[in-house]
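Residue strings, one per chain:
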Amino acid sequence: MTKPDWPVWLPLRRDLMELSPYGAPQIHSVARMNTNENPYAPSRELMEAIAGQINEISSTLNRYPDRDAVSLRVGLADFINNLSATDLTAENIWAANGSNEIIQSLFLAFGDGKALGFSPSYSMHPLIAHVTKTIWVEGKRREDFSIDLAEALIQISKDSPKLTFITTPNNPTGTSLAIDEIAELAIATGKIGGLLVIDEAYAEFSSIQSAVTFVKRFPHVVVIRTMSKAFAFAGARIGYLVADSKVVSAIQLVRLPYHLSTLTQAVGLVALKHSAASLRTVEKIRSDRDLISDAISRLGARVIPSNANFLLFSVIEPQRVWKELLDQGVLVRDVGLSGYLRVTVGTPQENQKFIDALAKCIGGKV
Ligand SMILES: Cc1ncc(COP(=O)(O)O)c(C=O)c1O
């Protein structure tokens, strides 16, 4: 997005003047494979249940919502307990308008000093750090996008970040951290009195153990999850964290009153009650991801092995290829990483359209 030209009369913070609003293009007439959404619409069963629930609660809309979103948090705790064999309660969960709001609340409550992340990773982490005036320290990844654990441990003890971010599976690379590596990071961040924040937006697509299983063992481990990806519920805007109850209490100091609407809370609960139907596309997306990965490799491009619903692949001129794909009706993401583009798994028709279009663009030049 282009930077606005700010007029002199506007008392905008100087440190914001150089920023552009975050956002990927939203173009409706193409195969939209650029924002890691689930390409499948909610099932008819879920759509009907949502409509019925909205009908029922609409008579209460003159009242503010439940400020603490207790029923939704109970539903989310049950969901996580079923998935990961944990025994968490609503006191271990906080829910908000997407996990981006969760990330913002973490910075507002704990971003006093430095925050550390390992680049390339989810670009909203440093952006929210900037906006909340937290110093962002950029740790590096290896050439294959893995994290050098020994280096990371040194960096944690050197910088003493209040917040250390790990995204696993990582966006935009799709790579994951093993659970014993997360344990080592948890021990190191505990020693310096910081929080270890594990952003697991894509966890349901991965077969690696979730860090929610660490929340009871390490009270300073915070896991971020979302209903935007595997749940196919991005439009509902529901993200949540799983953490020690003291972390949840601290977040309540910075949350806006009635932040989560009655409608959001109600439809979130309905989707959780239909979680089997909501998550029915996960297996299909995983196997389609592997098919696309093989097809890209056959075209001669390098694909980074992914545990998520997207793939990062190498191209010589990403900007030219991005434009030529768009000209053929396929929208992928230029994540600003030299030599790479990212594609989200779409419907089988979209995936085929992408492969055909890519074959035309790179024609052996990768
Ligand atoms: C790693 C990661 N975290 C968080 C988010 C934000 O998701 P949402 O605000 O929709 O929950 C995204 C979205 O792409 C993401 O990739």
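Only a predicted model underlies this, so the values are computations on that prediction, with no experimental measurement involved. (Residues numbered from 1 in each chain as written. Predicted model: local features only at pLDDT ≥ 70, side-chain atom pairs only at ≥ 80, totals over all residues.)

Some thoughts on the site of the ligand
Here comes step 1: Gly98, Ser99, Ala201, Thr226 and Ser228 are the nearest of the 13 residues found near the ligand.
Here comes step 2: Of the residues in the shell around the ligand, the class split is three nonpolar, nine polar and one charged. (Near = placed C-beta within 6 Å. Nonpolar A, V, L, I, M, F, W, Y, C, P; charged D, E, K, R; others polar.)

A few points about the pairing of strand S4 (residues 135-140)
The side chains of a regular strand alternate between both faces of the sheet.
Here comes step 1: As paired strands, strand S3 (residues 114-119) and S4 are joined by six bridges and run parallel to one another. Its bridge partner lying in S4, Phe118 is registered against Gly139.
Here comes step 2: Taken together, S3, helix H4 (residues 124-131) and S4 form a β-α-β motif whose crossover is right-handed. (Pairing = 2+ DSSP bridges. Helix = DSSP H or I, 4+ residues; strand = E, 2+ residues; numbered from the N terminus. Right-handed = clockwise from strand over helix to strand, strands pointing away.)

A look at the nonpolar core
Here comes step 1: With 94 residues, the main nonpolar core has Ala95, Val221, Val222, Val223 and Val242 as its most contacted residues.
Here comes step 2: The leading source of residues in this core is helix H3 (residues 98-110), at six residues.
Here comes step 3: In terms of domain composition, this core takes at least three residues from each of domain 1 (14-32 + 281-362) and domain 2 (44-277).
Here comes step 4: Setting aside anything within four residues of it in sequence, one finds Val242 in contact with Ile80, Leu88, Asn92, Ile93, Val212, Val215, Val223 and Arg225. (Core = buried A, V, L, I, M, F, W, Y, C linked by C-beta atoms within 7 Å. Buried ≥ 20, exposed ≤ 12 C-beta atoms within 10 Å, placed from the backbone. Domains from an automatic or database assignment. Contact = placed C-beta atoms within 7 Å.)

Some words on the packing of helix H5 (residues 149-159) against helix H6 (residues 179-191)
A packed helix pair is summarised by two numbers, namely the angle formed by the two axes and the spacing between the axes.
Here comes step 1: Packing of H5 against H6 leaves a shortest axis separation of 9 Å and a crossing angle of 15 degrees. One way to sum up the angle between H5 and H6 is to call them roughly parallel. When you trace H5 past H6, the crossing you get is right-handed. Contact residues: Leu149, Ala152, Leu153, Ile156 and Ser157 in H5; Glu181, Glu184, Leu185, Ala188 and Thr189 in H6.
Here comes step 2: Residue classes in the contact of H5 with H6 are distributed as six nonpolar, two polar and two charged. (Axes fitted to C-alpha atoms, helices over the stretch in contact; angles between N-to-C directions. Parallel < 35°, antiparallel > 145°, perpendicular 65-115°, else oblique. Left-handed = near helix turned anticlockwise from the far one by under 90°.)

Some thoughts on the sheet that holds strand S5 (residues 163-167)
Here comes step 1: Strand order in the open sheet made by the seven strands is S2-S8-S7-S6-S5-S3-S4, with mixed pairing throughout. The two strands at the open ends of the sheet, each matched to only one other strand, are strand S2 (93-96) and S4. Ignoring which end each strand starts from, the neighbouring axes of this sheet average 25 degrees apart.

A word on the domain arrangement of the chain
Here comes step 1: Each assigned domain of the chain is listed here: domain 1 (14-32 + 281-362) and domain 2 (44-277).
Here comes step 2: Just the C-alpha atoms count here: the centres of domain 1 and domain 2 sit 25 Å apart.
Here comes step 3: Taken residue by residue, the interface counts 16 residues in domain 1 and 18 residues in domain 2.
Here comes step 4: Looking at the side of domain 1 that touches domain 2 residue by residue, the class counts come to 10 nonpolar, four polar and two charged.

Brief notes about helix H2 (residues 70-84)
Here comes step 1: Here H2 is 15 residues long and its end C-alpha atoms lie 21 Å apart, about the 21 Å a rise of 1.5 Å per residue gives.
Here comes step 2: Three or more residues of H2 are buried, namely Leu72, Arg73, Gly75, Leu76, Ala77, Phe79 and Ile80.
Here comes step 3: In this structure, the buried residues of H2 make contact with S2, strand S8 (239-242), helix H8 (262-273) and helix H9 (275-278).
Here comes step 4: Trailing H2 by a residue or two, Ala85 shows a phi angle of about 55 degrees, which is positive. (Expected span 1.5 Å × (residues − 1).)

Examining the packing of helix H10 (residues 282-298) against helix H12 (residues 348-362)
Here comes step 1: The N-to-C vectors of H10 and H12 enclose an angle of 10 degrees; their axes lie 11 Å apart at closest approach. Classified by the angle between their axes, H10 and H12 sit roughly parallel to one another. In this structure, H10 uses Asp288, Ile292, Ala295 and Ile296 to contact H12, whose residues at the interface are Pro348, Asn351, Ile355 and Leu358.
Here comes step 2: For the contact of H10 with H12, the class distribution of residues is six nonpolar, one polar and one charged.

Brief notes about H10
Here comes step 1: When the terminal C-alpha atoms of H10 are compared, their 25 Å separation across 17 residues agrees well with the 24 Å that a helix rising 1.5 Å per residue should span.
Here comes step 2: Taken together, the buried positions of H10 are occupied by Ile285, Arg289, Ile292 and Ile296. One side of H10 carries all its buried residues, which in axial view fall inside an arc of 70 degrees. More than 90 degrees from the buried face of H10, the exposed residues found are Glu283, Ser287, Asp294, Ser297 and Arg298.
Here comes step 3: Residues of H10 that are buried sit in contact with strand S9 (310-314) and H12.
Here comes step 4: Positive backbone phi, approximately 95 degrees, marks Gly300, located one or two places after H10. (Arc of directions from axis to C-beta.)

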